[in-house]
Amino acid sequence: MRISTKGRYGLAVMMKLGEKSNSYTAISTLSNELGLSKIYLEQVLSLLKSGGLVTSLKGPQGGYCLASYTLTVKDILSVLEPALFETVDATSGDPLINRIVAKRVYDSVQIKVGEAFAAVTLESLVSEVLDRRIETPMFYI
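If you're wondering where the values come from, they're calculated on a predicted model, not measured in any experiment. (Residues numbered from 1 in each chain as written. Predicted model: local features only at pLDDT ≥ 70, side-chain atom pairs only at ≥ 80, totals over all residues. Heavy atoms only, no water.)

Draft legend 1. How the structure looks around the packing of aromatic side chains. The tally for this structure, following the rule as stated, stands at 1 aromatic pair. Ring centres of Tyr9 and Tyr40 lie 5.2 Å apart, and the angle between their planes is 85 degrees; this geometry places the pair in the edge-to-face category. One end of the pair, Tyr9, is in helix α1 (residues 5-19); the other, Tyr40, is in helix α3 (residues 38-50), and 31 residues separate them in sequence. For Tyr40, a relative accessible area of 26% corresponds to the partly exposed category. (Phe/Tyr/Trp six-rings, centres within 6.5 Å; stacked < 30°, edge-to-face > 60°. Helix = DSSP H or I, 4+ residues; strand = E, 2+ residues; numbered from the N terminus. Buried < 20%, exposed > 50% of the residue type's maximum accessible area, 1.4 Å probe, protein only.)

Draft legend 2. Main features of helix α6 (residues 122-135). The terminal C-alpha atoms of α6, which comprises 14 residues, lie 20 Å apart, in line with the 20 Å expected from a rise of 1.5 Å per residue. Taken together, the buried positions of α6 are occupied by Leu122, Val126 and Val129. The buried residues of α6 occupy an angular sector of 60 degrees when the element is viewed end-on, so they sit on one face. Opposite the packed face of α6, turned more than 90 degrees from it, sit the exposed residues Arg132, Ile134 and Glu135. (Expected span 1.5 Å × (residues − 1). Arc of directions from axis to C-beta.)

Draft legend 3. Spotlight on the nonpolar core. Ranked by size, the top nonpolar core spans 25 residues in total, and within it Met14, Leu17, Leu45, Leu48, Ile76 and Leu122 carry the most contacts. Put simply, the parts of the chain that give this core at least two residues each are α1, α2 (27-34), α3, β2 (63-66), α4 (73-80), α5 (95-119) and α6. Beyond its immediate sequence surroundings of up to four residues, Ile76 is in contact with Gly10, Leu11, Met14, Leu48, Leu53 and Leu122. (Core = buried A, V, L, I, M, F, W, Y, C linked by side-chain atoms within 4.5 Å. Contact = heavy atoms within 4.5 Å.)

Draft legend 4. Structural context of the environment of Ser56. With respect to the secondary-structure elements, Ser56 resides in strand β1 (residues 54-57). With a relative accessible area of 28%, Ser56 lands in the partly exposed category. For the pair Ser56 and Tyr24, spaced 32 residues apart in sequence, the C-alpha to C-alpha distance is 7.5 Å. Those residues in contact with Ser56 that sit more than four places away from it in its chain are Tyr24, Lys49, Gly63 and Tyr64. One polar contact links Ser56 to Lys49, side chain to side chain, over a distance of 2.8 Å. (Polar contact = N/O pair within 3.5 Å; in protein donor to acceptor, adjacent residues only side chain to side chain.)

Draft legend 5. Representation of the packing of α1 against α3 within the structure. Where α1 meets α3, the closest approach of the two axes is 10 Å, and the angle between their N-to-C directions is 75 degrees. The pairing of α1 with α3 is recorded here as roughly perpendicular in orientation. Contact with α1, carried on its side by Thr5, Lys6, Tyr9, Gly10, Val13, Met14 and Leu17, involves Tyr40, Leu41, Val44, Leu45, Leu47 and Leu48 of α3 and no other residues of that element. Tallied by class, residues from the contact of α1 with α3 come to 10 nonpolar, 2 polar and 1 charged. (Axes fitted to C-alpha atoms, helices over the stretch in contact; angles between N-to-C directions. Parallel < 35°, antiparallel > 145°, perpendicular 65-115°, else oblique. Nonpolar A, V, L, I, M, F, W, Y, C, P; charged D, E, K, R; others polar.)

In structure tokens:
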């Protein structure tokens, strides 16, 4: 399994928005802080907004904000990586083989991946980032 750039950027953006609590953050700020392409972030944030995971506000004080803090990695990747959660097509012309392979291999893997992604909350990821930022010593020269 491979998560695309879109999925990885989306997780990073959601974590950054989670760090900023309930405030709106400009896409240029997100781009600078994450070191990611502004143009690509716009596409990712558009998908997240369409999926109801972020809200946006236009204007000089506008930007993007989390719609909910109680999301899971599965919620986020379901919006950004629908191919991870779709059923697999037939592998052969034999219907019996197709049913057995689908049930014993693809379906079971799909269930386990979904469970693993659902077990990781955005809140826990953001909390770990914030905790580690506090632990990191600052050196002034």
